[in-house]
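Architecture at a glance
Okay, here's what each chain looks like letter by letter:
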Amino acid sequence: DVKVTQSSRYLVKRTGEKVFLECVQDMDHENMFWYRQDPGLGLRLIYFSYDVKMKEKGDIPEGYSVSREKKERFSLILESASTNQTSMYLCASTIQRGLGFWDEQFFGPGTRLTVL
Amino acid sequence: SQQGEEDPQALSIQEGENATMNCSYKTSINNLQWYRQNSGRGLVHLILIRSNEREKHSGRLRVTLDTSKKSSSLLITASRAADTASYFCATPASGGSYIPTFGRGTSLIVHP
């Protein structure tokens, strides 16, 4: 069964802490994504990766970094967490079937992060 | 780079009724996808429709695409309480990346 897993369902951190969110997929997908979801704003892309060690900024990369050392794992890092990063974080993976044509995305269950 | 927007933002119906939600987008696309999200969970893919298709069915779901109007609709027939969820359309971003971008979603409540 296809699966994307995220390291935590709920996470509470303090302002200034370094936070790691881990995502693992078992489908051998090249492409992986990190989104954040806030009420009224929908899903916004933070970063995506199209291969190991490759990454591209999304719409809201400020305050975040990512790491993709292995194909199956994509990590989101909050270098110094702030209260405005309290949100639901969703990881996804997919295959790209051709230029400009993305296949269905498989999402993890999400991590609800609270920064106090 | 956000393309699609769903309408209405919220929809409340009785079990057994049909639910229709719409997605409008701004620039040409090669495909459009619909997803469902149950409360507090990840998104689940429902259906993908290509730009050369006008209609697609999957069980009780019917998706249409009108490229001339840059719009799509998702129809859920004979709704059930279990259909209560948020529904999102995803379209390739404008500007060359083509990465799927999501609207704000339609929140559907189906009353038993």
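A short tour of the structure in this document, coming up. Values in this document were obtained by computation on a predicted structure and should not be read as measured data.

Parameters at a glance
Residues numbered from 1 in each chain as written. Chains lettered and ligands numbered in written order. Predicted model: local features only at pLDDT ≥ 70, side-chain atom pairs only at ≥ 80, totals over all residues. Heavy atoms only, no water. Phe/Tyr/Trp six-rings, centres within 6.5 Å; stacked < 30°, edge-to-face > 60°. Helix = DSSP H or I, 4+ residues; strand = E, 2+ residues; numbered from the N terminus. Buried < 20%, exposed > 50% of the residue type's maximum accessible area, 1.4 Å probe, protein only. Lys NZ or Arg CZ within 6 Å of the ring centre and 35° of its normal. Contact = heavy atoms within 4.5 Å. Buried area = accessible area lost by both parts, 1.4 Å probe. Salt bridge = Lys/Arg side-chain N within 4 Å of Asp/Glu carboxyl O. Polar contact = N/O pair within 3.5 Å; in protein donor to acceptor, adjacent residues only side chain to side chain. Nonpolar A, V, L, I, M, F, W, Y, C, P; charged D, E, K, R; others polar. 1 Å grid on protein atoms, 1.4 Å probe; cavity = no way out; pocket = protein on both sides within 12 Å on 5 of 7 lines; lining within 4 Å. Points joined across faces, edges and corners; volume = space filled by probe spheres on them.

1. Details of the packing of aromatic side chains
All names here are of chain A. All told, the structure shown has nine aromatic pairs over all chains when counted by the stated rule. Here the aromatic rings of tyrosine 35 and phenylalanine 107 are separated by 5.9 Å at their centres, their planes lie at 35°, and the arrangement is tilted. Linking tyrosine 35 in strand β4 (residues 31-38) with phenylalanine 107 in strand β12 (residues 106-107), this pair joins segments that are 72 residues apart in sequence. Comparing tyrosine 35 with phenylalanine 107, the two get one shared label, buried. The positively charged end of arginine 9 is found above the aromatic ring belonging to tyrosine 10, 5.5 Å away from the centroid.

2. Some remarks on the interface of chain B and chain A
Tallying the contact residues gives 21 residues for chain B and 23 residues for chain A. The largest share of the area that chain B buries against chain A comes from Leu43(B), Ile99(B) and Phe102(B), three residues that together contribute 26% of it. One can count zero salt bridges joining chain B with chain A. Connecting chain B to chain A are six residue pairs in polar contact (both at pLDDT 80 or more). Those elements giving two or more residues to the side of chain B that touches chain A turn out to be β4 (31-37), β5 (43-50) and β10 (100-102) of chain B. For the side of chain B that touches chain A, the residue count by class is eight nonpolar, ten polar and three charged.

3. Digging into empty space enclosed by the protein
Applying the stated criterion to the full structure yields one cavity of 30 Å³ or more. Space inside the largest cavity adds up to approximately 30 Å³. Surrounding the largest cavity, Trp102(A), Asn31(B), Gln33(B), Ala90(B), Thr91(B), Pro92(B), Tyr98(B) and Pro100(B) form its lining. Secondary-structure elements contributing two or more residues to the lining of the largest cavity are β4 and β9 (85-92) of chain B. For the lining of the largest cavity, the element with the most residues is β9(B), which contributes three residues. Grouping the amino acids of the lining of the largest cavity by side-chain chemistry returns five nonpolar, three polar and no charged.

So far we have only geometry, and geometry alone does not tell us how the molecule works.
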